[in-house]
Amino acid sequence: MEQKREKVLGYEIDLLNSVQALERVKNSLDDKSGMQIVTINPEMIKQGHTIDAMNSILNSAELVIPDGVGIKIALKLKGINQERIAGIEFAKKIISMCANSGYKIALFGAKEEILQKTGENLMKEFPGLNIVYSRNGYFSKSEEQQIKEDIKNSVPDVVFTALGAPKQEIFNSEMRKILPQAVFIGIGGSFDVWSGVVQRAPVFWQKTGLEWLYRTVKEPQRFKRIFPTLPIFLIKVIIEVTKEKFCAK
Ligand code: UDP
């Protein structure tokens, strides 16, 4: 299948809907080719421009899902109508597929009680789910090697890493070399939501693309992260689009 992608500020993003994206994950699982999935947003693009490891990850990830609303707007400015695929929803679809097809999963990240509750809730929702590894995301540098060994030895088909970006992407890319046939996805604060401890924004905010604003009001410490990243990102995209138009003439 031809892979349609579009570059935004130097990084290629897959242009697909969630059904097609899930199909790509299924193919990778079936032929054991392995992949790293990145659910990209403007903050990650900024990290790509400033952190070497993140730069190479964004250049090599096999599947780059258009997650943040900023990405949707950026693609729109380039004349592309792309639906936003929320990472948290996409990850749930992968879990459902794993439960139905017998693929084994690893859960890595978040606080211990959140992780425990997430495991319980997922087992209730998907009784056939095979969770072969589960660990909270708080560890010292000296424990990291053992974690990697343990994940390798549990031989999961999909690893869900919830450490926040770029930590989860860097961990996944290192793990990808150790377990080349597995699928890796970084899912940020998804366990917090799946555990029932944190509520997602009501559907209205999700549908209008303003979930980030809702989360910022609920967790004001996020304000510093989002601003000025989002407006600066959009200004840079407008400059990029203008240059592209100018050069095309
Ligand atoms: N986290 C972790 N280990 C760390 C830092 C963070 O497990 O060293 C977890 C944290 O508990 C939370 C998630 O990573 O569950 C990050 O959530 P955040 O909302 O920051 O991610 P986002 O969805 O914004 O990418």
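Residues numbered from 1 in each chain as written. Predicted model: local features only at pLDDT ≥ 70, side-chain atom pairs only at ≥ 80, totals over all residues. Heavy atoms only, no water.

A. Spotlight on the layout of surface pockets. Taken as a whole, the largest pocket holds about 1,300 Å³ of empty space. Lining the largest pocket are 48 residues, with Gly188, Gly189, Arg215, Arg222 and Arg225 sitting closest to its centre. Sorting the residues of the lining of the largest pocket by element identifies α2 (42-50), α4 (69-77), α5 (87-101), α8 (167-178), α9 (190-194), α11 (211-218), α12 (223-226) and α13 (229-248) as the ones contributing at least two each. With 4 residues, the single largest contributor to the lining of the largest pocket is α2. Considered class by class, the residues forming the lining of the largest pocket number 20 nonpolar, 16 polar and 12 charged. Reported here for the second largest pocket is a volume of approximately 230 Å³. What lines the second largest pocket is a set of 15 residues, among which Arg84, Ile85, Ala86, Glu89 and Gln206 lie closest to the centre. Considering every element that reaches the lining of the second largest pocket, the biggest residue donor is α5, with 3 residues. Here the residues of the lining of the second largest pocket are counted per class, giving 4 nonpolar, 4 polar and 7 charged. (1 Å grid on protein atoms, 1.4 Å probe; cavity = no way out; pocket = protein on both sides within 12 Å on 5 of 7 lines; lining within 4 Å. Points joined across faces, edges and corners; volume = space filled by probe spheres on them. Helix = DSSP H or I, 4+ residues; strand = E, 2+ residues; numbered from the N terminus. Nonpolar A, V, L, I, M, F, W, Y, C, P; charged D, E, K, R; others polar.)

B. Molecular detail of the environment of Lys243. Within the fold, Lys243 resides in helix α13. Under the relative-accessibility criterion, Lys243 is labelled exposed at 55%. In this structure, the C-alpha to C-alpha distance between Lys243 and Asp150, residues 93 residues apart in sequence, is 49 Å. (Buried < 20%, exposed > 50% of the residue type's maximum accessible area, 1.4 Å probe, protein only.)

C. Just helix α6 (residues 112-125), in detail. Taking 1.5 Å of rise per residue, the 14 residues of α6 would be expected to cover 20 Å, and the 20 Å separating its terminal C-alpha atoms lies within 8% of that figure. Those residues of α6 not exposed but buried are Ile114, Leu115, Thr118, Gly119, Asn121 and Leu122. (Expected span 1.5 Å × (residues − 1).)

D. Inspection of the site of the ligand at higher detail. The local shell around the ligand holds 14 residues, among which Ala110, Gly137, Lys167, Asp192 and Arg222 are the closest. Between Arg215 and the ligand, the recorded distance is 3.3 Å, taken from a side-chain N or O atom to an oxygen atom. The separation between an oxygen atom of the ligand and a polar side-chain atom of Arg222 is 2.7 Å. Isolated, the ligand exposes 560 Å² of accessible area, and the fraction of that covered by the protein chains is 76%. When atom positions are compared with the pocket grids, the ligand is found to occupy the largest pocket. Among the residues forming the shell around the ligand, the class breakdown is 4 nonpolar, 5 polar and 5 charged. (Near = heavy atom within 4 Å. Polar contact = N/O pair within 3.5 Å; in protein donor to acceptor, adjacent residues only side chain to side chain. Areas by Shrake-Rupley, 256 points an atom, 1.4 Å probe, with all protein chains shown as cover. Sits in = over half its atoms within 2 Å of the grid points.)

E. Fine view of the pairing of strand β4 (residues 63-66). Side chains Leu63 and Ile65 project from β4 onto one buried face, and the interleaved Val64 and Pro66 project onto a second face that is buried too. As paired strands, strand β3 (residues 35-40) and β4 are joined by 4 bridges and run parallel to one another. Pairing of Thr39 across the sheet is with Ile65, part of β4. (Pairing = 2+ DSSP bridges.)

F. Just the packing of helix α3 (residues 52-60) against α8, in detail. As a packed pair, α3 and α8 sit with axes 10 Å apart at the nearest point and diverge in direction by 65 degrees. Comparing the axis directions of α3 and α8 gives the class roughly perpendicular. Crossing hand, α3 versus α8: left-handed. Each of Ala53, Met54 and Ile57 in α3 lies in contact with α8, whose residues at this interface are Glu169, Ile170 and Ser173. Of the residues in the contact of α3 with α8, the class split is 4 nonpolar, 1 polar and 1 charged. (Axes fitted to C-alpha atoms, helices over the stretch in contact; angles between N-to-C directions. Parallel < 35°, antiparallel > 145°, perpendicular 65-115°, else oblique. Left-handed = near helix turned anticlockwise from the far one by under 90°. Contact = heavy atoms within 4.5 Å.)

G. Quick peek at the sheet that holds strand β5 (residues 104-109). Taken in spatial order, the 6 strands line up as β4-β3-β8-β7-β5-β6 in an open sheet, and their pairing is parallel. What marks the edges here is a single partner per strand, and that holds for β4 and β6 (130-135). Across the sheet, the mean angle from the axis of one strand to that of its neighbour is 20 degrees, orientation sign disregarded. Across the sheet, helix α7 (residues 141-154) touches β5, β6 and β7 (158-162), and the angle it forms with β6 is around 175 degrees.

H. Focus on the packing of aromatic side chains. In the structure shown here, the tally under the stated rule is 5 aromatic pairs. A ring pair is formed by Phe204 and Trp205, whose centres lie 5.8 Å apart and whose planes are at 85 degrees; its orientation type is edge-to-face. With a centroid separation of 5.6 Å and an interplanar angle of 50 degrees, the aromatic rings of Trp205 and Tyr214 are classed as tilted. Here a set of aromatic residues connected by ring pairs shows up, and it is made of Phe108, Phe139 and Phe171. When the ring centre of Phe139 is taken as reference, the NZ or CZ atom of Lys167 above it lies at 5.1 Å. (Phe/Tyr/Trp six-rings, centres within 6.5 Å; stacked < 30°, edge-to-face > 60°. Lys NZ or Arg CZ within 6 Å of the ring centre and 35° of its normal.)

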